[in-house]
Amino acid sequence: MSTASYGAEAKPRVGFFTDTTVCIGCKACEVACKEWNLIPSGGLEWTGESYDNTSQLDANTWRHVAFIEQPKPLRVDADGADPPDGQPEPLRWLMESDVCKHCTHAGCLDACPTGALFRTEFGTVVVQEDVCNGCGYCVPACPFGVIDRRDLPRSPQDAPLALPLLGTKEDGRVWKCTLCYDRLKGGHEPACAKACPTDSIQFGELDELRERAQKRLAKLEGEGWNGARLYGDDPGDGVGGFGAFFLLLDEPEVYGLPPDPVVPTRHLARLWRTTALAAAGLLAGVALAFAGGAE
Amino acid sequence: MTTASYYGRNIVKQPVWKSEIPLYFWTGGIAGASAVLHGLARLRGNEALAKRALFVGAVADVASPLLLVKDLGRPERFLNMFRMFKVTSPMSVGSWILLASGGASSTAAALELLGILAPVRRAAEIVSFAAGPPLATYTGALVANTSIPVWSEARDQLPWLFGASATATAGAAAAVVTPVQFAGPARRAAVAGAVAEGLVMREMRRRLGFVGEVYDQGAAGRHARIARACTTLGAGLLALAGRRPAPAKTGGLLMLGGGLALRFAVFRAGFQSARDPRYTVVPQKERLRARESG
């Protein structure tokens, strides 16, 4: 990740610190994101999965609040033991507002063949919607399953497609959180952070957020919060650290997050070598087929 | 094995690609390996085989970009693939390889048909020959360079698997359309490709461990079984009775079907391994544990 090519236009890297311990599950972030970014409806579906009816991040959901009901105590004593007998059955309700991680080494950006995905002067990762041709390669490239293609059913009043035989769906481009690039340009914080009533979503310069997160974690550990941990704050991880990182209360997979995400590009040099060898192998194999005679 | 998950939902997204993509993996493989078969046949003076491999390759090369454009979310923007050359994106690299290969092989085939401009045709043949092997193998890198567990974890085998299958199918296609007395190298290439494919598949399954079980399940499992049966039977026919026209044609067609089924098996396996969060979580947890224990 580098904003060096921006020269004097480069800005300090910004991001989110999402502290799930103070999330109240109000979904103001989801709504604010939808309203500011004019995101179409993803449909209405009652899942029966606690209070979560959006289920996941996708082309039409750029902030997603996860709800987890767990038979675990919220706090444990210093030895990590459960609360003493005689207390009611432990139950906690975890809530987490998930978002694009704006990775230091972003799989989507590396995979994009058109240059539609780019690194902004703020160090964030954004899709240029006037360039994206909907090839879909970024979708499986993302280790978090964030970026997604928008394929909406066409309605009769939609303008005709340029090549009607080639498609029946509207849009066909990929979408994800822009970290409100337009708001950043205007000196405002992203809509979700602005709307968050408990400051569970904190926006700011990444260095400062990481320090703040460490202090917060130390405080929670001191108070005996069960399972408190930072997720994505380490620049040494498989994606070079997240631009949007989290304070969680359980293993990442409980929230639908990968425990050890690695950007596919990390293996690409070796993969290209394997491909070159396989190409040479193909050539040698066919040449051998001619060694037995030309006819 | 029980693994914590968020209501059993997938972590990585399933690809948005449709059947055009595995179909392209098949046509691109045929095009790439046919160019090699064509070039070597030309060098060795087997004109009957050279011509037919050239035409097979050109047809596959022309079909390939049409399939890819059709699969785009915005097909009218297909030219955006050529805004840049980007080595971090196998899709970008592959677009340029396909542009070179398709342009060269269709030019060479057209000039061959018309019987004109022999020097230009030869230049086009050289370009197509050079672009062939990377065209046949880069698609393995394309799928391996993702976060889909069953693709990503097979990154040491997929380019070999696709290269072997490309050799098998291009040899098979040439064996179908070439008179048997000129098709010896095509048959040998087809059989060698089939054997290599079987060996690489076995190695891939061994390395994948439990993630590879998707190749035994659902649509991927069905396609993998069809691929194995067709390729084995077809290669057997070509090897044992390939000097007679009827078994050569039957064997070649079976192998072409087997190669197509193999691409669909790999394709569907990717969806199945993305859908179940266990395939994402378990290998990553093992990686973390291995790192923590030093």
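Quick caveat, the model's predicted, so the values are computed rather than measured. (Residues numbered from 1 in each chain as written. Chains lettered and ligands numbered in written order. Predicted model: local features only at pLDDT ≥ 70, side-chain atom pairs only at ≥ 80, totals over all residues.)

Caption draft 1: Expanded view of the overall build of chain B. Along chain B, the regular secondary structure elements total 10 helices and 0 strands. Listing every helix and strand of chain B by position from the N terminus yields α-α-α-α-α-α-α-α-α-α. For 294 residues, the compact-globule estimate of 2.2 N^0.38 gives 19 Å, and the C-alpha radius of gyration of chain B, at 20 Å, lies within 12% of that figure. Seen through its C-alpha atoms, chain B measures out along the principal axes to roughly 65 × 50 × 35 Å. Taking all 294 residues of chain B together, 62% fall into the buried category. In chain B, once contacts between residues fewer than 6 apart in sequence are set aside, the share between residues at least 24 apart is 76%. (Helix = DSSP H or I, 4+ residues; strand = E, 2+ residues; numbered from the N terminus. Rg over C-alpha atoms; globule rule 2.2 N^0.38 Å. Buried ≥ 20, exposed ≤ 12 C-beta atoms within 10 Å, placed from the backbone. Contact = placed C-beta atoms within 7 Å.)

Caption draft 2: Representation of the overall build of chain A in the model. Helix and strand counts for chain A come out as 7 helices and 10 strands. Overall, the C-alpha framework of chain A stretches about 85 × 55 × 50 Å when taken along its three principal axes. In chain A, which comprises 295 residues, the share counted as buried stands at 46%. Here the analysis covers contacts within chain A between residues at least 6 apart in sequence; of these, 65% occur between residues at least 24 apart.

Caption draft 3: Up close: the interface of chain A and chain B. Facing 63 residues of chain A, the contacting portion of chain B comprises 75 residues. Contributing elements (two or more residues each) for the side of chain A that touches chain B: α2 (107-111), α3 (138-141), β6 (148-153), β7 (169-175) and α7 (268-291) of chain A. For the side of chain A that touches chain B, the leading source of residues is α7(A), giving 16 residues. Of the residues in the side of chain A that touches chain B, the class split is 33 nonpolar, 20 polar and 10 charged. (Nonpolar A, V, L, I, M, F, W, Y, C, P; charged D, E, K, R; others polar.)

Caption draft 4: Highlighting helix α1 (residues 28-37) of chain A. Residue and element names in this part refer to chain A. Those residues of α1 that sit buried are Ala28, Cys29, Ala32, Cys33 and Lys34. Buried residues in α1 make contact with β2 (63-70), β3 (92-99), α5 (191-195) and β8 (201-205). Where α1 ends, the next residue or the one after it, Leu38, has phi of about 55 degrees, a positive value.

Caption draft 5: View of the environment of Phe78(B). Looking at the secondary structure, you find Phe78(B) in the loop between α2 (47-71) and α3 (90-114). Using a count of 21 C-beta atoms within 10 Å as the deciding quantity, one classes Phe78(B) as buried.

Caption draft 6: Examining the sheet that holds strand β9 (residues 229-231) of chain A more closely. Residue and element names in this part refer to chain A. Spatial ordering of the open sheet is given by β8-β1-β10-β9, a layout of 4 strands whose pairing is mixed. Since the sheet does not close on itself, it has two edges, and those belong to β8 and β9, each with one partner. Within this sheet the neighbouring strands show an average axis-to-axis angle of 20 degrees, counted without direction. (Pairing = 2+ DSSP bridges. Axes fitted to C-alpha atoms, helices over the stretch in contact; angles between N-to-C directions.)

Caption draft 7: Main features of the nonpolar core. Ranked by size, the top nonpolar core spans 180 residues in total, and within it Cys108(A), Cys138(A), Leu37(B), Ala174(B), Ala190(B) and Ala265(B) carry the most contacts. Excluding residues that lie within four positions of it along the chain, Ala265(B) makes contacts with Tyr215(B), Ala220(B), His223(B), Ala224(B) and Ala227(B). (Core = buried A, V, L, I, M, F, W, Y, C linked by C-beta atoms within 7 Å.)

Caption draft 8: Just the packing of helix α1 (residues 20-43) of chain B against α3(B), in detail. All names here are of chain B. Orientation of α1 relative to α3, taken along the N-to-C sense of each, is 60 degrees, at an axis distance of 11 Å. Relative to α3, the element α1 is oriented oblique. The chirality of how α1 crosses α3 is left-handed. Of α3, the residues touching α1 (which contributes Gly28, Ala31, Gly32 and Ala35) are Leu98, Ser101 and Ser105. Taken together, the residues of the contact of α1 with α3 break down into 3 nonpolar, 4 polar and no charged. (Parallel < 35°, antiparallel > 145°, perpendicular 65-115°, else oblique. Left-handed = near helix turned anticlockwise from the far one by under 90°.)

Caption draft 9: Examining the pairing of strand β10 (residues 244-248) of chain A more closely. All names here are of chain A. Summarising burial for β10: 5 of the 5 residues are buried, a large majority. Both β9 and β10 contribute to a ladder of 3 bridges, which runs antiparallel. Note that in β10 the partner of Tyr231 across the bridge is Phe246.

Caption draft 10: Region of the structure containing the confidence of the model for chain B. Per-residue pLDDT for chain B has a mean of 95; in total, 99% of the residues score no lower than 70. In the model output, the complex is listed with pTM 0.93 alongside ipTM 0.95. (pLDDT = per-residue confidence, 0-100.)

Caption draft 11: Structural context of the environment of Arg278(B). All names here are of chain B. With respect to the secondary-structure elements, Arg278 resides in helix α10 (residues 277-292). A residue is classified by how many C-beta atoms lie within 10 Å of it, and Arg278, with 18 of them, is partly exposed. On a C-alpha basis, the gap between Arg278 and Thr3 in space is 6.3 Å, while along the polypeptide they are 275 residues apart.

Caption draft 12: View of the packing of α1(B) against helix α4 (residues 118-144) of chain B. Residues and elements named next belong to chain B. It is at 7 Å that the axes of α1 and α4 come closest, and there the two elements cross at 140 degrees. Between α1 and α4 lies a crossing of left-handed hand. Between α1, through Phe25, Gly28, Gly29, Ala31, Gly32, Ala33, Ala35, Val36, Gly39 and Arg42, and α4, the contact on the second element is made entirely by Glu125, Ser128, Phe129, Ala131, Gly132, Pro133, Leu135, Ala136 and Thr139. Tallied by class, the residues present in the contact of α1 with α4 amount to 10 nonpolar, 7 polar and 2 charged.

Caption draft 13: Up close: the environment of Ala154(B). If you trace the backbone, Ala154(B) turns up in the loop between α5 (149-152) and α6 (158-177). With near-sequence residues (within four places) excluded, Ala154(B) lies in contact with Ala144(B), Met204(B), Arg207(B) and Leu208(B).

Caption draft 14: Main features of unusual backbone geometry. Even without being glycine, Ser55(A) reaches a positive phi, approximately 75 degrees. Summarising the element assignment, Ser55(A) is placed in the loop between α1 and β2. Note on Ser55(A): 17 C-beta atoms within 10 Å, which makes it partly exposed. One non-glycine residue, Leu117(B), lies in the positive phi region at around 50 degrees. When you line up the elements, Leu117(B) lands in the loop between α3 and α4. With 13 C-beta atoms packed within 10 Å, Leu117(B) lands in the partly exposed category.

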